[in-house]
Amino acid sequence: MKKIAIITFHFIKTPWYMDFFVNSCFQNKDVDFLFFTDIVEIERKYKGENLRIILTTFEDFKKSIYNHFDFDFNIISPLKLCDIRPSFGEVFKNYLSNYDFWGYCDTDIVFGRIRDYLTDEVLDEYDVIFAKEHYPSGFFAMYRNLEVINELYRTTDYKKTFQNEKLLLFDECGGHYDEVCAGTNILDTNYDVDSIHHILERNKDKVKVLYDFSSIESIIGEIRYEEGVLSFENKIEFLLYHFTIFKKTFFFKEKDVPNFKTYNSYYIGKYKISKSNWLNIKYNNLRSYLTTRISLFTLKLKYYYTIFFGLKKMSKLEVGLYTYMKQNRIINCHSNKIFMVYPDGRSNEIVFVKNDIFYEINNNKFYKSFNMKNSCFNSFSAININGGVYAYSIAN
């Protein structure tokens, strides 16, 4: 059996999903995990033969990366490390010398049975493997441990990417999600800098890549985890579940995450995690249904109350251009009214019904503002009953 190592990292604070992630790693005993962290609690709490905890500060972790390159750059936050990950095969080669494949992953995921997907037959056929159908999945990727593969990121102006302090989504498709999902070739998009997707597309005759629909990110509920098996509706098995949207939804409350004695059996509903027995699942689903509808109904009443009594709240949303991936919105003020302006010129008035929540009138949507700076919010996302999260942040 081919040997696989997966690199991950987490710094500063232990997140609520760590127990779910680490337990799913333990269940995959035929895959090794290298976990870099400065959180001593993680090293003390989680011990497994296939999980190697490497205690290091964020500063020292950055230095280990800097020392590999002959140019200067500055990684301000752990998030920027995502742009650097395609170079990890080189940077951490001393840890990876005995492995046939190396990869990286986020920690806000739950793994199913990895080897059921990464069989030796699949590893024989493909050089690079992702868990998304249309573009590289930054939250999970595998690379054949060969020099020619590990150096792929060098075939573009990677210095420009590394030296840019902003997150450029180099490990994915540079933010061109809508376009590539609609069928546009990544090389036909309007881009200033390459991503790993551009590189792999240019080298597709030499490097065989698998883009596989083997992960779930959306809020669909009905996700079950049973002794290492991850499935949807107990019918379709998946490689992994990514909490990226689940943890950002308006209806998810971190305080509701249960503390299980063991993390070998549980159910992930639309907005809540529970035990996987019949009664808990029914309660989970009913609560999700009622919570969303009652919350939105209450917000709608607040809106009508605000309008009827002329009690519009003062906006604390900064005026300017807001971006999400490659999508833009403009927030501006005119005649004492606030508007959301779309790229095609359409504009809708917005009304604040709470200090951090506003309503887009013609679009019939509520939004939650966050990230306050200088007494103004500079980010917002839609409160979407279907679970979609589009977090727009003001452009620098």
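Residues numbered from 1 in each chain as written. Predicted model: local features only at pLDDT ≥ 70, side-chain atom pairs only at ≥ 80, totals over all residues. Heavy atoms only, no water.

Undergrad: Provide a residue-level description of the pattern of salt bridges, including the pertinent values.
TA: Scanning the entire structure with this criterion turns up 20 salt bridges. Between K132 and E217 there is a salt bridge, with the nearest N and O atoms lying 2.8 Å from each other. Residue K132 is found in the loop between β6 (128-130) and β7 (140-144), and its partner E217 is found in the loop between β9 (215-216) and β10 (223-226); the two are separated by 85 residues along the sequence. The pair K132 / E217 is uniform in exposure class, with both members buried. Note that E201 is salt-bridged to K204, the shortest N-O span being 3.0 Å. Linked through salt bridges whose partners overlap, the residues forming this network are R85, D106 and D171. (Salt bridge = Lys/Arg side-chain N within 4 Å of Asp/Glu carboxyl O. Helix = DSSP H or I, 4+ residues; strand = E, 2+ residues; numbered from the N terminus. Buried < 20%, exposed > 50% of the residue type's maximum accessible area, 1.4 Å probe, protein only.)

Undergrad: Report on the sheet that holds β6, specifying residues and quantitative values.
TA: Backbone-to-backbone hydrogen bonds pair the strands of a sheet. The strands run either parallel or antiparallel. Ordered by their spatial adjacency, seven strands build an open sheet running β3-β2-β1-β4-β7-β6-β8, and the pairing between neighbours is mixed. Looking along the sheet, the strands with just one partner apiece sit at the ends: β3 (51-55) and β8 (209-211). Across the sheet, the axes of successive neighbouring strands diverge by a mean angle of 15 degrees, strand direction being ignored. Of the strand pairs in this sheet, strand β2 (residues 32-37) and β3 are connected by five bridges, and their pairing is parallel. Following the sheet pairing, F33 is matched in β3 by L51. Where helix α1 (residues 18-27) meets the sheet, it contacts β1 (4-10), β2, β3 and β4 (101-105), and its direction lies at approximately 150 degrees from that of β2. (Pairing = 2+ DSSP bridges. Axes fitted to C-alpha atoms, helices over the stretch in contact; angles between N-to-C directions. Contact = heavy atoms within 4.5 Å.)

Undergrad: An account of the nonpolar core is needed here, citing residue identities and associated values.
TA: Grouped together as the largest cluster of nonpolar side chains are 38 residues, with contacts concentrated most on F61, I65, F69, F88 and Y143. Among residues more than four places away in sequence, those in contact with I65 are F73, I75, L81, I84, F88, V91 and F92. Ranked by size, the runner-up nonpolar core spans 32 residues in total, among them F21, C25, L123 and L240. (Core = buried A, V, L, I, M, F, W, Y, C linked by side-chain atoms within 4.5 Å.)

Undergrad: Describe a positive patch on the surface, and please don't skip the residues or the numbers.
TA: A contiguous patch of positive charge on the surface is contributed by K253, K302, K313 and K354. Counting through the fold element by element, K302 comes out in helix α13 (residues 278-308). (Patch = residues over 30% accessible without salt bridge, like charges linked within 9 Å, V, L, I, M, F, W, Y side chains within 5 Å. Areas by Shrake-Rupley, 256 points an atom, 1.4 Å probe, with all protein chains shown as cover. Lys, Arg positive; Asp, Glu negative; His and termini not counted. Charge placed at Lys NZ, Arg CZ, Asp CG, Glu CD.)

Undergrad: Give me the lowdown on helix α3 (residues 58-66), citing residues and values where you can.
TA: Within the sequence span of α3, burial applies to F58, F61, K62 and I65. Taken around the axis of α3, the buried residues stretch over an arc of 100 degrees, which confines them to a single face. Its buried side turned inward, α3 meets β1, β2, α4 (81-84) and α5 (88-91). (Arc of directions from axis to C-beta.)

Undergrad: Before we move on, could you go through the packing of aromatic side chains and cite the residues and values that matter?
TA: What the rule picks out here adds up to 66 aromatic pairs. Taking the centre distance of 5.8 Å and the plane angle of 40 degrees together, the rings of F9 and F61 count as tilted. A residue pair is termed long-range when its members are at least 10 positions apart, and F9 in strand β1 and F61 in helix α3 qualify at 52 residues. Residue classification places F9 among the buried positions, given a relative accessible area of 11%. What makes F61 buried here is its relative accessible area of 2%. Each ring, one from F21 and one from F111, has its centre 6.3 Å from the other, and the planes form 45 degrees; the classification is tilted. (Phe/Tyr/Trp six-rings, centres within 6.5 Å; stacked < 30°, edge-to-face > 60°.)

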